[in-house]
Structures are given as C-alpha cells and as structure tokens.
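Here is how the chains run, residue by residue.
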Number of protein chains: 2
Amino acid sequence: MPLGRLTPPKGTRDFDAVQVFRRRYILDILQRTYQKYGFLPLETPALEHLDTLMGKYGQEGDQLLYKVLNSGDFLADVELNSHTSASVLPHIASKGLRYDLTVPLMRYVATNSSQIAFPFRRYQIQPVWRADRPQKGRYREFWQCDIDVVGTESLLCEAEIISLIHEVLHRLKLSQFSIHINHRGVLRGLATMLGAADQETALCVALDKLDKVGKANVLTELRNKGLSAVALEQLDFIFALPTAAEARWEVLTNRLQDIPVTTAALQDLRTIHDQVQAMGLGTAKMLLDPTLARGLSYYTGTVLEVKLQDSTWGSIGGGGRYDHLTDVFGLPNVSGVGFSFGLDRLYATLESLALFPAGIEQTTQVMLAPLDDASTPWALKVLATLRTQDICAILYPASARLKKQLQYADRCRIPFVGVIGEEECAAQTIALKDMAAGTQQPYTLDQLVDKLS
Amino acid sequence: MPLGRLTPPKGTRDFDAVQVFRRRYILDILQRTYQKYGFLPLETPALEHLDTLMGKYGQEGDQLLYKVLNSGDFLADVELNSHTSASVLPHIASKGLRYDLTVPLMRYVATNSSQIAFPFRRYQIQPVWRADRPQKGRYREFWQCDIDVVGTESLLCEAEIISLIHEVLHRLKLSQFSIHINHRGVLRGLATMLGAADQETALCVALDKLDKVGKANVLTELRNKGLSAVALEQLDFIFALPTAAEARWEVLTNRLQDIPVTTAALQDLRTIHDQVQAMGLGTAKMLLDPTLARGLSYYTGTVLEVKLQDSTWGSIGGGGRYDHLTDVFGLPNVSGVGFSFGLDRLYATLESLALFPAGIEQTTQVMLAPLDDASTPWALKVLATLRTQDICAILYPASARLKKQLQYADRCRIPFVGVIGEEECAAQTIALKDMAAGTQQPYTLDQLVDKLS
C-alpha cells in the first residue's frame, strides 16, 4: 500500500467539531432566514457535464474549472499526434466540479421548467471548487449560500433581498456593514458619457479592481484602453462622492440624468430604495455606488455587494440581476435576481470579531468512569437510562485508572464524570464528580437523571 | 457560449425542496443520535491527494476513484512516447474525489494525533464519489453517515454501536430489521476447518456475494478456488443455521470451538452480546451470521451489517473493527471500530414504506397578493411585520390578476393568501383567503399576526 499523504490538498481544509458547530451556527441562521423569506432548498450534484460548465465563467473560469478524468482507459481514443492539453482535454474529461451555484440552477430551471411554479424562489448552500491560487480567505473548496428569484423582472425581489441581508446580518450581530448597490445601466451611462459606449466592459473590468488596486491604477488601466485624459477627468466625480446617501443620489442624478439608459437605471434604483423604505428599513445601510461593477459578465441590471466596515475581507456577499442566464439551456426570456453570502468570509469575520455565541458547541454532558470490569454492567445500565432521557452521555470504554479517565473527560470538556466502582455497584449509585467545582457526591440513578435533564 | 447539457451526469441527482427536507429529516435523526452517543462532527474536503486514496480500496477501488486533472497545461511534462493511461495518470492527476469517509478519517487522525483525545469519537456525514456502474439504489454521488471510535480495542464500542443502530432505526420507525454480526476470526476458523487456512480471503470474497448470487454460486466459486467437495460439505452447515439466536449460537460453538482463533472470536461476540443485554436491548435484533464477510479487506475483528426484512435494498449500513488503518499514515497500533448508514438507502426505504412524517416540509405560511401597484406599500408593510414575527411570508412580486396569483399560491401549497387592494389599503386590513376552505375575511394586521403565529 502506498504511503498516504497527511495533509488535505492546498486550499482545502478539514473542519473539526468546534469549526463544524460554528459553521452550523451560521448556516442555521442563513437557512431559517432564507426559508422565512419563502426560499426553498435545492441541491445539485458536485459533478456536472463539462459542457454545462465550460464557457459560462469567461476564459479565466474555464481555466479554473476542476476537470475530472474519464474513468477506465481514458487515453484509448486519443490521437496523440497533436497532443496539446487543450486538444486532448475534450477526449479525456467529460465532467467537472461545480464552480458556482448559479449555472447549476439555470440548468435545473431549464430542465424542470414545466414543473416549476414561477417566480421560482430557491436557496442553495453547497461547496464549490475553483483551482484558484489559495490566499488569505480564499480557498479552492469554499461554500456559497445562494438565493435567487427566477422568472420575474419585479424590482420587489431586489428590495426583498436587501431586507433579507439586513436580517441575516442582524441575527449574526454584524451591524457595521453597508450594502453597495449599482445598476449596469449606470455603468453603461458612464461609458456613454465618456464617449466610450463600446468600452462598457473595459470600464466594468477596471472598476471591479478599485478596492484591490486603488483609483490611480484603475485610471491607468482605462488610459491604456484608450480613454482620453478629458474623459477620465469627467469620470473623476464617481471617486469623490459625498458619503450621505441623499447627497450622493443628487450628485449622480445631476450628472447622469440626460443619458436615457441611465435615467431608467436610476429610476429602478429609486424604486428599490422606496420599497426598502416601505419595509421600514430606512436607507442607512444602502449605499449607491457607481464604482461597483461586479466582475461576472452575466449581470444585466442591479448589482449589489455587502461590505463590512473595518474589515480586511472586502465583500462578504454579492449578487445582481441577470436576464439571459437560461438562454444557453434553451429557455430564453427568463429574468432572475440572486445573491450569495460567502460562508467562509462570514466565518472569518465572526471569528475575528469574537461573535460566535457561547454554548453553540454541543458537548457530552456526562462521562461514566467504571473503575473495574465488574462495574461495567451497572455502568451500561446507567448509560442506557441516561440516553433514554436524551442526555448526551458516554462510557469510558475501558477500566483505566481514574486519573487517566478524568484527564480524558477534561480534554473533552465534559462537565460531569460519574464514577462507578464496587461500592456504587452494590448501592446502585453513581459518584458524580463536578469537574469545574472538583466536588463529588453520590446520586441514585433517578437523581442523576434529574440533575442532568 | 457552448450549449449546456440539461441533465446532471449519470448516477448523480438534483434534489428538489421536498427531497431536501426529507433527507434533512433523516440526517437530523442521525446527527442528534450520534451526538447523544458522544460522537462529534468532523468534515474533510471532497478533494484528497491521490496518494492518500490510491491503494486503500483494492484494485477495483483504484479503478473507481474519480481522478481530477491537474490544472493548467497538464500535459506539459508528460513523455508521450509510452502513453498508456496507467503510465500517464500520475503525471496529469494528483488529486481525487473522496471515495469513503474512513480513509480521510485515518489521515486526519494521523495528522492530528497529538491534539486528539483518544478514544476519538467522531461522526462524519458527507457525500462520496465512485465511478461505479449506476443501478437501482446505487449512485456515483452518494452520502455516507459514519461513526467511528478510534484508539481503543474495547468491545464496549461494538455494543454501543449496536445500541445506537437500534435507536436510529426506532426513531425512523423502521422496526423490521436485523443486525447481522460476525467476526473475521470466525471466517479464519472456517477456512482452517476446511483445511484451507490460506484461502481466508477467497472465502470472504465468495461469501460476500451470498445475498446477490445465492449459495450454489458461492460453492462453485469456492470449488474453482480449489476447495474440495469434502471441505465444501463441511461448510454446508453455515447456510442452514437455526433462526433462533441461542440455537444458532450453540450450533456454531459446537462446530468451531476447538479452533483457537475461533474460540477467541466467539468469546468476543459473546461479550458484545452480554453488554448489549446489559443495556436492556435483549438479543432480538442481533443475528450471529457466519456468512457475513463484508468485502472491505481492512476489517480485522467484528463485522456487522444491518438488513431490512422484506426489502430489496440489501443492507442499509455496515461496519466493523479494523486494527491497522492508520499504519499507512505513519501511526501504527491504533484499533478502531466504525459503522456507516447509507443515507440514500434509508431514504429509499422510508419512501417505499411511506414513513416520512407529515409536516417535515417547510412551506410558506402566507402569500400576500397585491391587486395593483398602489397596494405595494401597504403590502410591504404587512410583509415586513409578519417576518418580524417569524412568520414565513412572501409577496407575489407583481400585480398580476388575482386568479393567476391564487394559482401560484396553490402550486406552491401555500395555505393562506392575503389579498390587498384599494379597499384593504384604505382600511389598513388584509383580506385573508383560506385556500383549503375557500373562505375569505378581513383581518387587521394584529389579527393576522395572531392568526398565523
């Protein structure tokens, strides 16, 4: 047998019990809130046909997709005369690992469109895989927590998503955040204003890096794309907007109101703003941000991103509206809007702010410590009775020295140890040791059940 | 953009909301019971180094492992002069998908042995992938639900696992099952008795197929392996044991007691039997079964398997004791015992026996149906208020005809629809329609909250 490697692959992680319980704490809040907002769960397989995945995430995405080798003699039908990786790939790999949850959703919607009641509200919380360069806070296996409403153009969906983001973050006790919101129409308008209507994508790509590379580098990139100094000067105001929401609004409206596509986009954003207010949320956390582009090319309307103040993590979630995502699966004219929280970012944030509540980690309440083999039958009787009463209990599975058993209970952070020796067997009692207090006193089985229930 | 395929890959499945809720019903029972028995969760990544996986599941396992192509120009360093799949594989794929949960556990235990308090009780519920031929009840992506106690030879662990199996199946309302139990020592003893001590593995492999191919074919296979007719006649009694537990015990003890290795194995099984009785479980569901072999070669002691009566599914779970699984990861002399329920088998069983309780599927309690755009602000106020009270509510995201909205609510099985039009806005009320009764009456917001809470 070949020796096995001891570490999980780079960019992937094992999660121990504490980490799993903490992740579940977040997932539970997400799930409950998603369901309260009428989203229902969907799960799709980790493996998809490569046909389904390729070409959906841009050229970089195609590179970062994990491709799975066909099983058996995968080289059997391969012409190796022209053996570049690109030419061989389609012959040796027909499946890949899920890269996000949106494309599988679109496949699912297209396949099951006759059974689905539209607007389709679904949530999906599953890992995705990307062969990205691992770095702080970025993994090759990571969890997305998506909600989408598919099959309606109603902006009420955007307003509901903003309301949901507030509730999730409130429940997680994360109050220092802002929801940056923009509209692709605004970006289109900006490009038009700069006399570079054909450069909308370049503008999006450049602006998308603003947080990472800073304004100067964004401007350099745009200059290299051919934008004039005069145009770039015109763009300058978006980097120096007032922080107050209404003042921002006014500046943007004044600068962009004469461009038709932008007028409609600003109207949409105003509608969302009013609906959010009608839900009693105010505007405090919403921030109109014309520099927000969101890298993914499939967005066509609203885009939004949640950023934490004073955090090194950048965004903890993002989303937007897309009008053509099911087209490629043969179902045209389906508009949808979605949002995704990144579980790993939320986890890192809660950890760094010490926001995981005490007591979310399930622990064993009591360990029974038999002092000799003859004590086992009574210990087993006690164990079975405790479990019948739904008390989380274990039996140290050998009659080791008491000291060793207590050390084990201590390492497992078990608060009570029920010592059982000759005397306890005879009296049908349990000598219960309180590990924190260091005290010990005899209990009958009934008393023990009462004590631990 | 290439067209996307509409189906998930063969042997994998999408799970819709009803299926997810039903799966969660099972998983919740497993998780709670596992935790009550003192097992704590562990999760490991889907991707492992191929080094970690290869050679651990036998030659067939190596074939069935999903291998993941290295990213980038994977052919760059490949000598294509000798281009068989086997020789190329190590150069183009260094990772694979998790094939079971036991090998990742062993890697984890070996890596973290200094931090772990032994005996280590962990559970792990995650999907695994095998490039097997898909067939009824067998998938390429399926879920294992493992518990293991690692780092003790105590047979109390076996007894506890048997107790846990009873509780899980009792909670799932599956009462018609039996826990087949055997010991590799019994199989070794049988081989010795037949004068074929060196054929123990062949005996296990042949017996493992008994359920599928029947006794005659098992005997044919053994004959082909070189066992004599006389030997096979000696083996005959294991196919015709009494059904009563104690009678079975007696026959086996009589036939095998003089073979030393078997004596110890039978003694172990007797100890487990007595401990299970001490927990008050009786013997009804435990069945000593000398034909039970369990395919996996890594078992060294007890083996067990849970079978449902009157079911076409064969076993719904199995496990056993292994003494050397961490050896290959550099940590020798660690004995462990584990058991795994198959989620997909449990699901299929509960479905075929109609054992999913009513009400496990979360549904939206109320849908608000605005009759015109002017009704939206009041509808949003109602929506936000209901959600503040943790009532699961949605708003139909457009002012469609009421009939269309009611049809949607009906398809989504939403029991109440709150109609909101001009009159309701003026009166600050909601016309609540009971979808089952067909009745409709006005409610104030407070009354509505009371009604739905």
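Residues numbered from 1 in each chain as written. Chains lettered and ligands numbered in written order. Predicted model: local features only at pLDDT ≥ 70, side-chain atom pairs only at ≥ 80, totals over all residues. Heavy atoms only, no water.

Draft legend 1. A look at the overall build of chain A. A count of helices and strands for chain A gives 18 helices and 16 strands. Expected size for 453 residues packed as a compact globule is a radius of gyration near 22 Å; at 29 Å, chain A overshoots this value by more than 25%. The principal-axis extents of the C-alpha atoms in chain A amount to approximately 95 × 65 × 45 Å. Buried residues in chain A amount to 58% of all 453 residues. If you take every contact in chain A between residues at least 6 apart in sequence, the share linking residues at least 24 apart comes to 69%. Accessible surface, chain A as shown: approximately 18800 Å² in total, 49% of it carbon and sulfur. (Helix = DSSP H or I, 4+ residues; strand = E, 2+ residues; numbered from the N terminus. Rg over C-alpha atoms; globule rule 2.2 N^0.38 Å. Buried < 20%, exposed > 50% of the residue type's maximum accessible area, 1.4 Å probe, protein only. Contact = heavy atoms within 4.5 Å. Areas by Shrake-Rupley, 256 points an atom, 1.4 Å probe, with all protein chains shown as cover.)

Draft legend 2. Structural view of the sheet that holds strand β9 (residues 302-308) of chain A. Residue and element names in this part refer to chain A. Read from one edge to the other, the open sheet built from eight strands follows the order β1-β5-β6-β11-β10-β9-β7-β8, with strand pairing classed as mixed. On the outer flanks of this sheet lie β1 (40-41) and β8 (286-288), each paired with one strand and no other. Direction of pairing for strand β7 (residues 177-183) relative to β8: parallel, over a ladder of three bridges. Note that in β8 the partner of isoleucine 179 across the bridge is methionine 286. Relative to the sheet, helix α5 (residues 102-111) contacts β5 (120-129), β6 (141-150) and β10 (315-322), its axis offset from that of β6 by approximately 40°. (Pairing = 2+ DSSP bridges. Axes fitted to C-alpha atoms, helices over the stretch in contact; angles between N-to-C directions.)

Draft legend 3. Expanded view of the packing of helix α6 (residues 156-171) of chain B against helix α13 (residues 260-278) of chain B. Residue and element names in this part refer to chain B. Where α6 meets α13, the closest approach of the two axes is 9 Å, and the angle between their N-to-C directions is 50°. The angle between α6 and α13 places the two elements in the oblique class. In terms of crossing hand, the pair formed by α6 and α13 is right-handed. Contacts between α6 and α13 involve Leu156, Glu158, Ala159 and Ile162 from the former and Ile272, Gln275 and Val276 from the latter. (Parallel < 35°, antiparallel > 145°, perpendicular 65-115°, else oblique. Left-handed = near helix turned anticlockwise from the far one by under 90°.)

Draft legend 4. Inspection of the pairing of β10 of chain A at higher detail. Residues and elements named next belong to chain A. In terms of burial, β10 is largely enclosed, as eight of its eight residues are buried. Sheet topology note: the β9/β10 ladder contains five bridges and is antiparallel. If you follow valine 306 over to β10, its bridge partner there is glycine 317. Of the strand pairs in this sheet, β10 and strand β11 (residues 336-342) are connected by six bridges, and their pairing is antiparallel. Among the inter-strand pairings, arginine 321 is bridged to a residue of β11, identified as valine 337.

Draft legend 5. Looking closely at the nonpolar core. Counting residues in each nonpolar core, the largest one holds 101 residues, and the members touching the most others are Leu386 of chain A together with Ile26, Leu30, Tyr34, Leu169, Leu172 and Phe341 of chain B. Sorting elements by how many residues they give to this core places α6 of chain B first, with nine residues. Excluding residues within four positions of it along the chain, leucine 172 of chain B makes contact with Tyr25, Ile26, Ile29, Leu346, Leu350 and Leu355 of chain B. Ile181, Val218, Leu219 and Tyr347 of chain A belong to the second-largest nonpolar core, a separate cluster that totals 100 residues. (Core = buried A, V, L, I, M, F, W, Y, C linked by side-chain atoms within 4.5 Å.)

Draft legend 6. Region of the structure containing unusual backbone geometry. Residue and element names in this part refer to chain A. The linkage connecting phenylalanine 118 with the following residue, proline 119, adopts the cis geometry, with an omega of -5°. Among the structural elements, proline 119 can be located in the loop between α5 and β5. Notably, asparagine 333 is not glycine yet its phi reads approximately 60°, a positive angle. Its location among the elements puts asparagine 333 in the loop between β10 and β11. The exposure class of asparagine 333 is exposed, given its relative accessible area of 71%.

Draft legend 7. Region of interest: the interface of chain A and chain B. Contacts between the two partners involve 107 residues from chain A and, on the opposite side, 107 residues from chain B. Summing the contributions of chain A and of chain B, the shared interface buries around 9200 Å²; its carbon and sulfur component is 61%. Where chain A packs against chain B, one counts eight salt bridges. As a salt-bridge pair, arginine 171 of chain B and aspartate 390 of chain A come within 2.9 Å of each other at their nearest N and O atoms. Summed over the shared surface of chain A and chain B, the number is 40 residue pairs in polar contact (both at pLDDT 80 or more). With eight residues, the single largest contributor to the side of chain A that touches chain B is helix α1 (residues 17-36) of chain A. Looking at the side of chain A that touches chain B residue by residue, the classes come out as 59 nonpolar, 23 polar and 25 charged. (Buried area = accessible area lost by both parts, 1.4 Å probe. Salt bridge = Lys/Arg side-chain N within 4 Å of Asp/Glu carboxyl O. Polar contact = N/O pair within 3.5 Å; in protein donor to acceptor, adjacent residues only side chain to side chain. Nonpolar A, V, L, I, M, F, W, Y, C, P; charged D, E, K, R; others polar.)

Draft legend 8. The arrangement of the relation of the copies chain A and chain B in detail. After a rotation of 180° and a shift along the axis of 0.0 Å, chain A superposes on chain B with an RMSD of 0.0 Å. Accordingly, the operation relating the two chain copies is best matched by a two-fold axis. Considering only C-alpha atoms, the part of chain A nearest the rotation axis is valine 68 of chain A, at 2.2 Å. When the interface residues of chain A are mapped onto chain B, 100% of them again lie at the interface, so the same face is used by both copies. (Least-squares fit on C-alpha atoms with pLDDT ≥ 70 in both.)

Draft legend 9. Structural detail: the side chain of lysine 36 of chain B. Relative to the helices and strands, lysine 36 of chain B resides in helix α1 (residues 17-36). Its relative accessible area of 6% is what places lysine 36 of chain B among the buried residues. A distance of 2.5 Å separates the side chain of lysine 36 of chain B from the backbone oxygen of arginine 387 of chain A, its partner in a polar contact. Those residues within four positions of lysine 36 of chain B in sequence are excluded, and the remaining contacts are Arg387, Asp390, Ile391, Cys392 and Ala393 of chain A together with Glu167 and Arg171 of chain B.

Draft legend 10. The arrangement of the confidence of the model for chain A in detail. Averaged over chain A, the pLDDT score is 92; the fraction of residues at 70 or greater is 97%. Confidence metrics for the complex model read pTM 0.95 and ipTM 0.95. (pLDDT = per-residue confidence, 0-100.)

Draft legend 11. Structural detail: the packing of aromatic side chains. The tally for this structure, following the rule as stated, stands at 20 aromatic pairs over all chains. Seen from their ring centres, tyrosine 347 of chain A and phenylalanine 356 of chain A are 5.2 Å apart, and the 55° between their planes marks the pair as tilted. Of the two residues, tyrosine 347 of chain A and phenylalanine 356 of chain A, neither departs from the other in class, the shared state being buried. An angle of 25° between the planes, with centres 6.2 Å apart, marks the rings of tyrosine 108 of chain B and phenylalanine 120 of chain B as stacked. Here the residue tyrosine 108 of chain B occupies a position in helix α5 (residues 102-111), and phenylalanine 120 of chain B occupies one in strand β5 (residues 120-129), the gap between them amounting to 12 residues. A single burial state applies to tyrosine 108 of chain B and to phenylalanine 120 of chain B, both of which are buried. Members of the aromatic cluster, each reached through a chain of ring pairs, are Tyr25, Tyr347 and Phe356 of chain A. It is arginine 130 of chain B that lies over the ring of tyrosine 99 of chain B; its NZ or CZ is 4.1 Å from the centre. (Phe/Tyr/Trp six-rings, centres within 6.5 Å; stacked < 30°, edge-to-face > 60°. Lys NZ or Arg CZ within 6 Å of the ring centre and 35° of its normal.)

Draft legend 12. Structural context of the environment of serine 297 of chain A. Relative to the helices and strands, serine 297 of chain A resides in the loop between β8 and β9. Linking serine 297 of chain A and glutamine 115 of chain A, residues 182 residues apart in sequence, is a C-alpha distance of 29 Å.

Draft legend 13. Structural context of the pattern of salt bridges. Residues and elements named next belong to chain B. Tallied over the entire structure, the rule returns 48 salt bridges over all chains. A salt bridge links lysine 209 to glutamate 221, with the shortest nitrogen-to-oxygen separation between them at 2.9 Å. On the criterion of sequence distance, the pair formed by lysine 209 in the loop between α8 (200-208) and α9 (210-213) and glutamate 221 in helix α10 (residues 215-224) is long-range, its members being 12 residues apart. With a relative accessible area of 18%, glutamate 221 lands in the buried category. Measuring nitrogen to oxygen at the nearest pair gives 3.0 Å for the salt bridge that ties lysine 215 to aspartate 236. Of this pair, lysine 215 sits in helix α10 while aspartate 236 sits in the loop between α11 (229-235) and α12 (245-256), and the two are 21 residues apart along the sequence. In this structure lysine 215 comes out as partly exposed when scored by relative accessible area, which is 34%. On the accessibility criterion, aspartate 236 (32% relative accessible area) is partly exposed.

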